[in-house]
Structure formats: structure tokens, C-alpha cells
Amino acid sequence: MVLAFSDDMETPDLSNELNVDNVDEEYAKSKEDDNVEETESNTIFSDEHHEIDINETQETLSSDQIQASKELNISLSSFLKNNFKIEENQFSKKTISTGIDVLDAIFGGGVGMGFVQFVGPPGSGKSALVSKIIATGQRKYPGNFIAIYADSEVSMSTDRLAQLGVRYPKIRPYTDITVEKVFKFVEALCSYKENNPQYLDYPSVIVWDSLANTLTEKGIETEDPNAILGEKARMLSFLLPKYVPKLEKYNISLLVINQLRDKIDMGYFKKPNELKYMGDKVLPGGESTRFNSFQLFFLRPTSDLKGEYGFSGTKVSGKCVKNKLFTPNIEISMVFSFKNGFSNFFTNYELLKETKRVKAGAWCSLVSMPEIKFRQNELVTIYKTNPKFKEVFDQEVKEAIKTEFLDKYGNNELHNEPEEEF
């Protein structure tokens, strides 16, 4: 996996920070199930800080056995291709950076090309996070990045998107959205890229905000709610398997915001939880939304900022409970400004504090650079005006991400092997 760190580690301009009242909301923590479910990870947890690699107990194959296995796979692939016209997936697993270094690390490089869900309670920053992904794509691929914002909640505006960084260009959300229309956007973007092949290799984004609030066309027309029970789930179970391969083929990431709802058990027996770490919550849209998710990110606010960074906001906890690119269920903490959205800079600073690379107190300092002391609300100024401090800070962030995520949870042996050519 190649992880590109964000070049722009600047904090948002907080000189004109908005005053936000009534931010002392209580956020209920999701209940964690006591049962241990299988995940896509190759590790089991023995305690909070140490992991046992279960593959260490397996016998290593000899070089002759490895070569025989490779030859068999090549022979089968050739047979299927020549006799049945069945070919292996030829598309590389591309990603779009989220603009948050820590989040990119646990995603496996960024959001993938496919059906990617962001779920959590209201006010957890889901819309702001997908907006940051759009803003990051606009900066990384200027003039080649396509973004569509489908807003069924009619809650997003061009001005708010610009405030969150979507400025190159500013975009207008599409409203009057149905489930069918979302997939018409997908079909239209695939067709546009087919007719304009210069954009085929560049990633694109379609935001669906939100799945829970979107009706089918039949749902809009009917006056009887009982007539559409299960209609959305049936529609998605048909459309998702049909369009997910197209998302990968045309390098499109469908970023879907979804809500969490309480699970209602009927009868004598309790149904198992849908996904670990989401407690007794379910996702609207039916089981196909879980089955077809390339990545599923769960986030929730954990605590309010007390002005220590010079702006109002919250700390948001998140983990990818389903991930096809990297080990799932790795929890991270991010810093969220009510005005400007998620801050990569202060999220990185939080990581340095958590990993004891910053000595925090009334006066703070980098452990590797104790001679420069600062108050936390002066950190941005020092970072911008002291090149040596900036260099050391950035290097500490890269080393912390490598140590805490890539080395600990990544498959280093696999990525160090030469890529096979078929």
C-alpha cells in the first residue's frame, strides 16, 4: 500500500470563528456487544496493546510448493479466459485521500472506488467529512476531478460546502432526489467518462446525503405508507449489485451518508447485531447496503473542545467497521471545527499527544525538540513561522502513523514481495 500524506497540513483560518451556542449536547456512546465477531482482520486481540498474529502458527510453504501453487493459478486463469471468456479483475484498487492523514492510514490510502458508507448519529460530522474528501480531490486533481452532491435532505448549500473547502470549483447540490435518481447519476457519470476518456483514470465522487432520507419514486407518489414497506430495500438489493462493478470500472466513489436506527427485535429470540462496534443499531436500506459496502466508517462525537485550540468544535471518534483495503476496527480520534470542518493539522497533533511525542501542559513541546515551548493556541503560528519546527513536526507525524498503524496493522511482508505478472 502506498500512503500519500497530505501536503496541506495548514489549519483553517480561525480568525473569524463563528460563535456556536448550545453545543453542550450529550452524545450517547454506542453499546459494544460482548460477543466477539469474525472480522476481515488476520489478528486476534490478546489485550489493548499487544496483538498475536495467528498466521505465525502456520507452517511455511517450501519454494517448490509456492511455485507449484502459482503455476496452478496461472493455468486455471488461462483455461477460464480461453474457454469460458471469464477474466480476473483487471482494475487496480484506487483511492481518494480524505485529506486527513490518520484516516487515510486506517482506510488503506483513502476511500475506495465503490459503495462507501459513513454512518453515525446526527451532528457527528458525516456531511463535513465527505465535503473534505471532495475538497481534497479538487486540490489533488485540479481540472480533472468530478464531484456531484445529491442532497435528499435539502440541508447542504454551496456556501457551506465552500466553507468546508469545496471551492475549486464551488458546486451546487442537487435536490429532489430519489433512490432511482441517485443511480441515474452513476449511469450518467459513467457515460460522461466513456465519452470523455481523458477523465477515465481520474477518480470521481458522487455524494448521497442521505440514504435514510431518500424515498423511491413510488414512495413519493403513494399516499399509503404501508404500500411501500420494504420498497427501498428491494430496490437497493437490485441496483447495488448492478452498479458496484461500474463504480470500480469508471473510478467512481459513491460516498453514502446513512443514519443509525435502534434495532427492534420481534418474537422470542434476539437477532445478532449487524456489525461489531455498532451496538444495537441497524442501518436503513436493508442488508444489501452492508453486503455491498467497500468501506463502512462509523463515527461519533466524544467530547467538546474547550477552546484550547482557539476554536469551538468537538473530538470525533471513528473506526472503519468494514474495510476491503486495510485491517478494520481500528479506532482513531479526529478534531472537528464547527466552522471549518475536520482539521488534519490538529488531528495530527492529537495523535502526537496520544503517542507521547508531545509533552503537554501549560507549556507544550515536542519531545524531540524540547527547546521550543508553546501554548496550544499558538501552535499554528509556530508551525507556520519556524521551518525547523515544521520539519520536525511533520516527520514526527509520519513516524507516528507508520508505527501506530502501518507497521502494527499492515501486512508488511505481503507488500514487500514483488508483484506477480500474469
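Source: prediction; values computed, not measured. (Residues numbered from 1 in each chain as written. Predicted model: local features only at pLDDT ≥ 70, side-chain atom pairs only at ≥ 80, totals over all residues. Heavy atoms only, no water.)

Remarks on the overall build of the protein
In step 1: The helix and strand tally for the protein stands at twelve helices and 17 strands.
In step 2: Burial analysis of the protein (422 residues in total) assigns 48% to the buried set. (Helix = DSSP H or I, 4+ residues; strand = E, 2+ residues; numbered from the N terminus. Buried < 20%, exposed > 50% of the residue type's maximum accessible area, 1.4 Å probe, protein only.)

Observations regarding the sheet that holds strand S14 (residues 341-343)
Strand pairing in a sheet relies on backbone hydrogen bonds. The paired strands run either parallel or antiparallel.
In step 1: With mixed pairing, the eight strands of this open sheet are ordered in space as S6-S7-S8-S5-S11-S12-S13-S14. Edge positions in the open sheet fall to strand S6 (146-151) and S14, since each of these has one partner strand only. Each adjacent strand pair in this sheet contributes to an overall mean axis angle of 30°, direction not counted.
In step 2: Bridge analysis of strand S7 (residues 204-209) against strand S8 (residues 252-258) gives six bridges, and the strand direction is parallel. When the bridges of S8 are listed, Val 207 appears paired with Leu 255.
In step 3: Contacts from helix H7 (residues 231-249) reach strand S5 (115-119), S7 and S8, with the element oriented near 120° to S5. (Pairing = 2+ DSSP bridges. Axes fitted to C-alpha atoms, helices over the stretch in contact; angles between N-to-C directions. Contact = heavy atoms within 4.5 Å.)

With respect to the sheet that holds strand S15 (residues 358-359)
In step 1: Pairing in this open sheet of three strands is antiparallel, and the strands run S15-S16-S17 from one edge to the other. On the outer flanks of this sheet lie S15 and strand S17 (369-374), each paired with one strand and no other.
In step 2: Strand direction decides the pairing type here: strand S16 (residues 364-366) and S17, joined by two bridges, are antiparallel. In the strand pairing of S17, Leu 366 is matched with Met 369.
In step 3: Against the sheet, helix H11 (residues 387-409) contacts S16 and S17, and its axis sits at roughly 110° relative to S17.

Some remarks on the pairing of S5
In step 1: Most of S5 sits out of view: five of its five residues are buried.
In step 2: Judged by which residues are buried, S5 turns out to be covered on both faces: Phe 115, Gln 117 and Val 119 on one side and Val 116 and Phe 118 on the other are all buried.
In step 3: Bridge count between S5 and S8: five bridges; the pairing is parallel. Bridge pairing in S8 links Val 119 to Asn 258.
In step 4: Direction of pairing for S5 relative to strand S11 (residues 293-304): parallel, over a ladder of five bridges. Bridged to Val 119 within S11 is Phe 298.

A word on the nonpolar core
In step 1: By size, the foremost hydrophobic cluster in this structure holds 69 residues, and its most contacted members are Phe 118, Phe 297, Phe 389 and Phe 405.
In step 2: Broken down by element, the residue count for this core peaks at nine residues, all from H11.
In step 3: Ignoring any residue separated from it by four or fewer positions in sequence, one finds Phe 297 in contact with Leu 103, Ile 106, Phe 107, Gln 117, Phe 118, Val 119, Leu 129, Gly 318, Lys 319, Cys 320 and Met 334.
In step 4: If you look at the next biggest cluster of nonpolar residues, it comprises 25 residues, including Phe 183, Val 186, Trp 208 and Leu 254. (Core = buried A, V, L, I, M, F, W, Y, C linked by side-chain atoms within 4.5 Å.)

Observations regarding H7
In step 1: Taking 1.5 Å as the rise per residue, H7 with 19 residues should run 27 Å; its terminal C-alpha atoms sit 28 Å apart, in good agreement.
In step 2: Of all the bends in H7, the greatest, near 35°, is centred on Leu 240, and the proline Pro 241 appears no more than four residues after it.
In step 3: Every buried residue of H7 is listed here: Glu 231, Lys 232, Met 235, Leu 236, Leu 239, Leu 240, Tyr 243, Leu 247 and Glu 248.
In step 4: On the buried face of H7, the contacting elements are S5, helix H5 (179-195), S7, helix H6 (217-221), S8 and helix H8 (288-291).
In step 5: Positive phi appears at Asn 251, one or two residues downstream of H7, with a value of about 55°. (Expected span 1.5 Å × (residues − 1). Bend = angle between axes of the 7 residues up to and from the residue.)

A short note on the packing of helix H9 (residues 344-354) against H11
In step 1: Between H9 and H11, the least distance of the axes is 10 Å, while the angle of their chain directions is 65°. With respect to the hand of their crossing, H9 and H11 are arranged in left-handed fashion. Contacts from Phe 345, Asn 348, Tyr 349, Leu 351 and Leu 352 of H9 reach H11 at Phe 393, Glu 396, Val 397, Ala 400, Ile 401 and Phe 405.
In step 2: The class makeup of the residues in the contact of H9 with H11 is nine nonpolar, one polar and one charged. (Left-handed = near helix turned anticlockwise from the far one by under 90°. Nonpolar A, V, L, I, M, F, W, Y, C, P; charged D, E, K, R; others polar.)

A word on the pattern of salt bridges
In step 1: Enumeration according to the criterion identifies twelve salt bridges in this entry.
In step 2: A salt bridge links Asp 176 to Lys 181; the nearest nitrogen and oxygen atoms lie 3.8 Å apart.
In step 3: Since its relative accessible area comes to 57%, Asp 176 is described here as exposed.
In step 4: Residue class for Lys 181 comes out partly exposed when judged on its relative accessible area of 29%.
In step 5: Notably, a salt bridge pairs Glu 287 with Arg 290, separated by 3.8 Å at the nearest N-O pair. (Salt bridge = Lys/Arg side-chain N within 4 Å of Asp/Glu carboxyl O.)

Thoughts on the packing of aromatic side chains
In step 1: Under the criterion given, the structure shown has 23 aromatic pairs.
In step 2: Geometrically, the ring pair formed by Tyr 141 and Tyr 202 is edge-to-face, given 5.9 Å between the ring centres and 75° between the ring planes. Separated by 61 residues along the polypeptide, Tyr 141 in the loop between helix H3 (126-140) and S6 and Tyr 202 in the loop between H5 and S7 bring together distant segments of the chain.
In step 3: Judged by relative accessible area, Tyr 141 falls into the buried class, the value being 16%.
In step 4: We classify Tyr 202 as partly exposed; its relative accessible area is 28%.
In step 5: Here the aromatic residues Tyr 309, Phe 311, Phe 345, Phe 346, Tyr 349, Phe 374, Tyr 383, Phe 389 and Phe 393 are joined through ring pairs into a cluster of three or more. (Phe/Tyr/Trp six-rings, centres within 6.5 Å; stacked < 30°, edge-to-face > 60°.)

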